[in-house]
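# Fold and contact review
Okay, here's what each chain looks like letter by letter:
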Amino acid sequence: MSAGALPGFRDFYPESFSQRSWLFDRWRHAARGFGFQEYDGPPLEPLDLYTKKSGDEIVGQLYNFEDKGGRAVALRPEMTPTVARMVASKANALRKPVRWFSMPQLFRYERQQKGRLREHFQLNVDIFGEADVSADAELLAVACTVMRDCGLGPDDVKARVSDRRLLSAILRGLGVPDEALSAAFGAVDKIEREDQVALVKRFTTAGVSEEVAVKALAMVRASDFDALRRDFAGHAEVEEALTRFDEYRALLTAHGVIDYLQLDLSIVRGLAYYTGIVFELFDAKGEFRAICGGGRYDNLLQALGGVDMPALGFGMGDVVLGELLKARGKMPLGSADVDVWVAPVTAEFRRSAVEVATALRRVGARVETPLRDQSLGKQMKAANAAGARSIVFVGEGLRDRGEVEWKDLRGTEGTQTVIPLARLTDAVKAALAATP
RNA sequence: GUGGCUGUAGCUCAACUGGUUAGAGCACCGGACUGUGGCUCCGGGGGUUGGGGGUUCAAGUCCCCUCAGUCACCCCA
């Protein structure tokens, strides 16, 4: 084995590069469809941009080093601090709400495992300056639209959605004291990973009774909207959160993505900076890690940039999504693809063939010609291997009468027509338009 | 950072309880085939058996270390 790429890093050969491009096209198309504008920032940032937000422990998971000017720097592990800085420093000049997206390559120094490498591309979609629930609905709609554009419907992918305000209200309504809320969130976050005994213990350690703990866990597991409405009738805080959620659902219906929605109060998104509606996208069979995660983080800009502005966003990586698309047969194969192969029938027509190829390229065709003398049989094979849709034979006909032979390579018995060179370019152009 | 499993050609895999020069299919290149493709046939290139050390008359095979892959833990931006 020769030395390959560094652990957790990928070589993109043409086949996988074209799959990557296919995915990027869908990301970009979906985000732009909602009026989001694309931006980018530096891949290398000051280290303290990340330690300020996440503490020094984060350094163990970063690609960081000292540059030649003695600055402590790191390859970006996430986009949020960068975009927060960019928005904060021009906050007053930007039309609100700010709808931005980016497709950065991100890095983390971690042992790789399924769906997690040391480098990946991530679609980042953010909205700044809008506190209304309509922004939350639009954000999820973008994520679901990406799924749909990739051929993944509500039967393939579920958006598990919770609201931290709703969860807090329920917990408080059950009698969990404020100082135990953080521990309770921690327990809810582990609901799929730890057994009941361990989960209950997280509550009791924080001073919550076992009875309340059991009840809270059951409610989170059920995540039953109607039951919550009944159980907490008259409880203002819960009702307010439920009303907000009703509006959220109505808007998702209007966006045409309601079928993806699945209320799931166990979605907490770590113990990070989220403040409102949070969500994660999963494949319906549960074979993969989360495809996408995000939510509302109204206090983050204040903490990072000193600007008080509500914000929400999500990140969607290319690795898990790519694995899912391949597993479901939704990812195109990424085979080679040219429109026309121009074949000199003998060596003496090499230059004529190049001239014909040049004329075809000028009308937008992807054209390949052989770089050395080859028999026609060889060229036919090569043209097929190159994925060419048609082949143009350049020989005596062009020299004597200004004509070439144009043959369709698709199908088993391609039709072949004699056509004046002057008309070939238009014919190829028309064929291109007909079969995109 | 911790632990389990796995490393033979570009890919998928063979090679008896340790025993000759590590094989096959696919892929690639060439030929049959210098005016017409997918097929077929023939040939060719390609390996430090991941690397290093050890045991043995003899190691792809057994042992140790290391590297890499993979899965889980931790963490999740």
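Just so you know, these numbers come straight off a predicted model, no measurement behind them.

## Points about the pattern of salt bridges
Taken as a whole, this structure holds 34 salt bridges when the rule is applied. When the shortest N-O distance is used, the salt bridge between Asp40 and Arg76 registers 3.2 Å. Taken together, the positions of Asp40 in the loop between strand 1 (37–38) and strand 2 (44–46) and Arg76 in the loop between strand 4 (72–75) and helix 3 (80–89) put the pair 36 residues apart, joining distant regions of the chain. Residue classification places Asp40 among the partly exposed positions, given a relative accessible area of 49%. For Arg76, a relative accessible area of 4% translates into the label buried. A salt bridge links Arg160 to Glu192, with the nearest nitrogen and oxygen atoms 2.9 Å apart. Placement of the pair is Arg160 in strand 8 (residues 157–163) and Glu192 in the loop between helix 6 (181–189) and helix 7 (196–205), with a sequence separation of 32 residues.

## Section: the state of the cysteines
Overall, the coordinates contain zero disulfides when judged by the stated rule. The thiol of Cys144 is not disulfide-bonded; the next cysteine sulfur, from Cys292, is found 8.4 Å away.

## Structural notes on the domain arrangement of chain A
As far as domains go, chain A holds domain 1 (9–156 + 284–335), domain 2 (164–259) and domain 3 (340–434). Domain 1 and domain 2 are separated by 28 Å when their C-alpha centres are compared. On the side of domain 2, nine residues touch domain 1, which itself brings 11 residues to the contact. Taken together, the two surfaces of domain 1 and domain 2 that pack against each other cover about 900 Å², and 73% of this comes from carbon and sulfur. Summed over the shared surface of domain 1 and domain 2, the result is zero salt bridges. Our count for the domain 1 to domain 2 interface comes out at one residue pair in polar contact (both at pLDDT 80 or more).

## Details of the environment of Lys215
Position of Lys215 among the secondary structure elements: in helix 8 (residues 210–222). Among the residues examined, Lys215 registers a relative accessible area of 42% and is labelled partly exposed. C-alpha separation for the pair Lys215 and Leu263, spaced 48 residues apart in sequence, amounts to 18 Å.

## Here's the deal with the pairing of strand 8
The element strand 8 is largely enclosed, with a buried count of six among its seven residues. Of the pairings in the sheet, the one linking strand 8 to strand 10 (residues 277–283) comprises seven bridges and is antiparallel in character. By the bridge assignment for strand 10, Val161 is matched with Phe279. Of the pairings in the sheet, the one linking strand 8 to strand 9 (residues 261–263) comprises three bridges and is parallel in character. Among the inter-strand pairings, Ala159 is bridged to a residue of strand 9, identified as Leu261.

What counts and what doesn't
Residues numbered from 1 in each chain as written. Chains lettered and ligands numbered in written order. Predicted model: local features only at pLDDT ≥ 70, side-chain atom pairs only at ≥ 80, totals over all residues. Heavy atoms only, no water. Salt bridge = Lys/Arg side-chain N within 4 Å of Asp/Glu carboxyl O. Helix = DSSP H or I, 4+ residues; strand = E, 2+ residues; numbered from the N terminus. Buried < 20%, exposed > 50% of the residue type's maximum accessible area, 1.4 Å probe, protein only. Disulfide = S-S within 2.5 Å. Domains from an automatic or database assignment. Contact = heavy atoms within 4.5 Å. Buried area = accessible area lost by both parts, 1.4 Å probe. Polar contact = N/O pair within 3.5 Å; in protein donor to acceptor, adjacent residues only side chain to side chain. Pairing = 2+ DSSP bridges.

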